[in-house]
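This is what each chain is made of:
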Amino acid sequence: MASAIRPERILKELDQLWVSLGQQSEGTGVLRACALTLIVITPDEGADALGETLAKLMREHPSRLVVLRVRPGSEASLTERVLAQCWMPFGSRQQICCEQIEITTTEAGLKDVPAVVRALEAPDLPVVIWTRIHGLLLRTECAPLLQLADKVIVDSQGYPHTREKLAAIRATLPARLVADLEWTRLTRWRHMLSQEFDNPAHLSRLHELQTATIGYDGSFVPMRALYLAGWLRSTLPPHVAITLERSGDAPTPRLHTVTLDGGSLHFHINVEPTRASEMRICSQQAHPPMPALNDDELMREELGVTSRDAAFEASLAYAEEIAA
Amino acid sequence: MGPNNPFHDPLRFERQVKPCSLVIFGANGDLTKRKLIPALYRLAFERRLPSGFSIIGNSRTEMSDDAYREKMRQSVIQFLEESPFDESVWRDFAAGLFYISGDLRDPNLYSRLAAKLAELDQTRLTGSNALFYLSTQPSHYAPVIEGLGAAGLQHAAPTATNPSPWRRLVVEKPFGHDLASSRELDTAVHRVFHEDAVYRIDHYLGKETVQNILAFRFGNGIFEPLWDRRYVNHVQITAAESIGVEGRGGYYEEAGALRDMIQNHLLQILATVAMEPPALFEATAVRDERAKLLRSIRILKPGEVPTHAVKGQYGPADVGGQSLPGFRQEQGVSPNSQTDTYAAVTFFIDNWRWAGVPFYVRSGKRLAKRVTDIAISFNPAPHRVFADSAPGAGPADLAPNLLILRVQPEEGISLRFLSKQPGSGMQLRPVSMDFKYGSSFGMRSPTAYETLLVDALTGDATLYSRQDMVEASWQAVHPILEVWNNTTFDFPNYASGSWGPASSDDMLALRGHTWRVP
């Protein structure tokens, strides 16, 4: 029941929290920073481990943070607590703090959440929802919650694509910004490719390309590979044949290579499970760093994107076609 | 124009450097080791440099490519700021690092350089693009430029894949030691390079917070209407260092605070604070406005110098239990030195926006602490409604609004305003609203050299000085230098660890102002 928690009480608790932080600061004061409302929807199990990720994220994107912990259950129930994420920048005597509201709900209670969260949004600032629960976009009871957001961020890693899922992401696009961290994980790959074609010697031979091959391991095509295929389809000349090639098994499906070939042009990136990498273009070779990115690094990038991502939208459209 | 790269994604990829070579003259010097190579490595770490990017270092010392690479590796490890050192990134970066020894006055050096650039075009596909960086002593600038010109290196022939290769020149400050020598240097530069290809670096302009002044002023609508003589009472610009000359006594003896800081860095900051809004954030538009502002600075008459400029030199002192030498006791400094380790100037800007508003600018060594900031002091409220309700309230209690733009060390913006003190009476007290640029957002800011190197490599001169700006700055300080050169000062006149000579306070007192303590 939504009546189990009252937004006014939470806001009052927040006020008291700031007063108490100020009193503890011994005269140096506390700097309150807020650039957006970030609503994180996460399974209750394992949510504690999210603390460090959120703390790192707050330093770059200070927010009013609403963490919605969802546990299984058919009986609607909501509980809440407020806390602060604080840090002392190096060389500073002043703490910087962001406020955090934690709401725990059962799946059945999700329908009661939007009314509470709506009252908790930081006024006049954008609202971003990061859902760590797979398939949330497809659940009708969550629609009012998603309606609150200016941007919705999902993560398809580890799940097979379905046309329904892609369609759900696409359906959300006209109204708000949508992002998938599987797309964000491609930034380094795409950047490397783009950088090599900044060289006029390579760019002038782009028309020679005939094939683009994307290699992956695993029992299903990872979304990342599908997005990469969609992106290449939207950027390469139409005559280039794009294929997805499975080369082996892996407990978690992963993208490992992309190869562009044709005429005198050969471009290849390979990333090993150890993250060792090799990039070759024609006769040149390099070993660019390709570290696995943490959630906070991916989210930092996504929260920095505040306008429509035309490249993602085009890739998504083609990915849907390819998936069909 | 060639075809566009279809893979570009400006929403997520930062501005990219196209394939090119960078030639550093003075490759074994302090600036190269401490700033340039660490900044370039960091750009490589962030994948801002193309894979064939090549650096050719030059100095007189004989050295192999490998020895130079090892030397630079040590420098990067030592001087890299807020950044990890990654061996695999270094390996790829070092593969593009080359070294050519040679005397800067030897024409053969430039022939070998031309051959090396041609070789790199073939092996590393640098597209015949090259940036020449003068990181040598200023006395070598003219011979290097002449050598480049004699070898025809200021131009590159178009190739099949690159129809418009570029050649650019970066000149480090000082741009001359006075107006006449800056013009001489300019003549030498223009004999070889077109102005569009010349990048005069003032690293203060590359600082994130100096750029943020432009964002603050011209990205917001609420500040600019207050940004003129009707609301601003005066402006104070401070660049204080707590350290002394630290082994650079010989250099500093020739330079002094007015030349070393005010003529270039602080006048550029002043111009950024006071310039008119440009129509576009684009090199010509921004630099035109800066230049116009610098040309509007009132040129002092010799008789005005004593009341508008203060020269100081630090003496010995015990600070925190440590005995610190005076400037005249520093290595390489004459015991009778007349060099200014402190300079403060009252500037006026003769235009409609700023007529009558004093801009106080000061810079010094061995001051109380290291800080660079700009304080804009607004006029007090026209009528003091609350004066009677705060018995005993002095001028400090009714402190005017103050906007502080901090450049270093804690970059940010603070606004001081009056607020009612809690309680039943109507007592006012100043409170500060702070925005801390780096720490609030926790992001690593690029160093000034990272920013400026990318700008030069991508052909963006917005944050670089132009010769008319350099000349206008020299003109603004020229009368002061003239008077100071013909006056003997009773030095030292301030103690290390203080905020400068008493005469500096007197200069502000003439207009009823006091230096704030930053």
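The structure contained in this document is the topic of the report that follows. Note that residues are indexed from 1 along each chain, following the sequence as it is written. Each chain gets a letter, beginning with A, and each ligand a number, beginning with 1, in the order they are written. Note on the predicted model: pLDDT of at least 70 is required for a residue's local features to be given, and 80 or more for side-chain atom pairs to be given and counted; whole-chain, interface and lining totals, by contrast, use all residues. Side-chain metrics rest on all non-hydrogen atoms present in the structure, leaving aside hydrogens and water.

A few points about the overall build of chain B
Item 1. Only DSSP runs of H or I with at least four residues qualify as helices, and only runs of E with at least two residues qualify as strands; both kinds are numbered from the N terminus onward. Each helix and strand counted, chain B has 15 helices and 18 strands in total.
Item 2. Restricting the calculation to C-alpha atoms gives the radius of gyration, and the globule rule supplies 2.2 Å times the number of residues raised to the power 0.38. By the compact-globule yardstick of 24 Å for 518 residues, chain B fits well, its C-alpha radius of gyration being 25 Å.
Item 3. Viewed in the frame of its principal axes, chain B has a C-alpha envelope of about 80 × 55 × 45 Å.
Item 4. Each residue is placed in one exposure class: buried if its accessible area under a 1.4 Å probe, protein chains only, is under 20% of its type's maximum, exposed if it is over 50%, and partly exposed if it falls in between. Buried residues in chain B amount to 56% of all 518 residues.
Item 5. When contacts within chain B are restricted to residue pairs at least 6 apart in sequence, those whose partners lie at least 24 apart make up 78%. Note on definitions: a residue-residue contact is assigned when non-hydrogen atoms from the two residues lie within 4.5 Å.

Description of the interface of chain B and chain A
Item 1. Contacts between chain B and chain A engage 35 residues on the former and 46 residues on the latter.
Item 2. Around 3500 Å² of area is buried between chain B and chain A when both sides are counted, 56% of it from carbon and sulfur atoms.
Item 3. Two parts lose some accessible area (1.4 Å probe) when they are put together, and adding that loss for both gives the buried area. The largest per-residue losses of area from chain B upon contact with chain A belong to Phe7, Arg12 and Arg47 of chain B, which jointly make up 25% of the total buried on that side.
Item 4. For salt bridges, the criterion is a side-chain nitrogen of Lys or Arg within 4 Å of an Asp or Glu carboxyl oxygen. Summed over the shared surface of chain B and chain A, the result is four salt bridges.
Item 5. The salt bridge involving Arg12 of chain B is made with Glu302 of chain A; its shortest N-O contact spans 2.7 Å.
Item 6. Polar contact criterion, stated in full: a pair of N or O atoms within 3.5 Å, where within protein one must be able to donate a hydrogen and the other to accept it, and residues adjacent in sequence count only if both atoms are side-chain atoms. Taken together, the links from chain B to chain A amount to 16 residue pairs in polar contact (both at pLDDT 80 or more).
Item 7. Elements that contribute at least two residues to the side of chain B that touches chain A include exactly α3 (87-94), β17 (428-436) and α12 (437-441) of chain B.
Item 8. Partitioned by chemical class, the residues of the side of chain B that touches chain A number 12 nonpolar, 12 polar and 11 charged. Only Asp, Glu, Lys and Arg are considered charged, only Ala, Val, Leu, Ile, Met, Phe, Trp, Tyr, Cys and Pro nonpolar, and every remaining residue, Gly among them, polar.

Describing the sheet that holds strand β2 (residues 54-59) of chain B
All names here are of chain B.
Item 1. Following DSSP output, two strands are said to pair if at least two bridges run between them. An order of β3-β2-β1-β4-β5-β6 is seen for the six strands of this open sheet, with the pairing classed as parallel. Of all the strands in the sheet, just β3 (97-101) and β6 (198-201) have a single pairing partner and so form its edges. Between one strand axis and the next, the sheet turns by 20 degrees as a mean value, whatever way the strands run.
Item 2. In this sheet, β6 lies alongside strand β5 (residues 167-172) in parallel orientation, the contact comprising four bridges. From the neighbouring strand, Glu172 faces β6, where its bridge partner is Ile201. All axes here are fitted lines through C-alpha atoms, helices being fitted over the stretch that makes contact, and every angle between N-to-C directions spans 0 to 180 degrees.

Section: the packing of aromatic side chains
All names here are of chain B.
Item 1. A pair of aromatic rings is counted whenever rings of Phe, Tyr or Trp (Trp by its six-membered ring) have centres within 6.5 Å, and the orientation is called stacked for planes under 30 degrees apart, edge-to-face for over 60 and tilted otherwise. Taken as a whole and assessed by the stated rule, the structure comprises 26 aromatic pairs over all chains.
Item 2. Centre to centre, the rings of Tyr41 and Phe45 are 6.4 Å apart; their planes meet at 35 degrees, and the pair counts as tilted. With Tyr41 and Phe45 both in helix α1 (residues 30-45), this residue pair falls four residues apart, about one helical turn.
Item 3. Where Tyr252 meets Phe327, the ring centres are 6.1 Å apart and the plane angle is 70 degrees; that geometry is what we call edge-to-face.

Focus: the side chain of Glu196 of chain A
Item 1. Position of Glu196 of chain A relative to the elements: it lies in helix α7 (residues 187-196).
Item 2. Despite being buried, Glu196 of chain A has no salt bridge partner; Arg124 of chain B is the closest side chain of opposite charge, sitting 9.7 Å away.
Item 3. Every residue in contact with Glu196 of chain A, bar those within four places of it in the chain, is listed here: His202, Phe267, Met279 and Ile281 of chain A together with Ser51 of chain B. In this charge count, Lys and Arg are treated as positive and Asp and Glu as negative; neither His nor the chain ends contribute.

Points about the pattern of salt bridges
Residue and element names in this part refer to chain A.
Item 1. Tallying each qualifying case throughout the model produces 46 salt bridges over all chains.
Item 2. Lys56 is the salt-bridge partner of Glu52, the closest N and O atoms lying 3.8 Å from each other. One end of the pair is Glu52 and the other is Lys56, both in helix α2 (residues 51-60) and four residues apart, which spans about a single turn.
Item 3. The exposed category is assigned to Glu52, whose relative accessible area is 56%.

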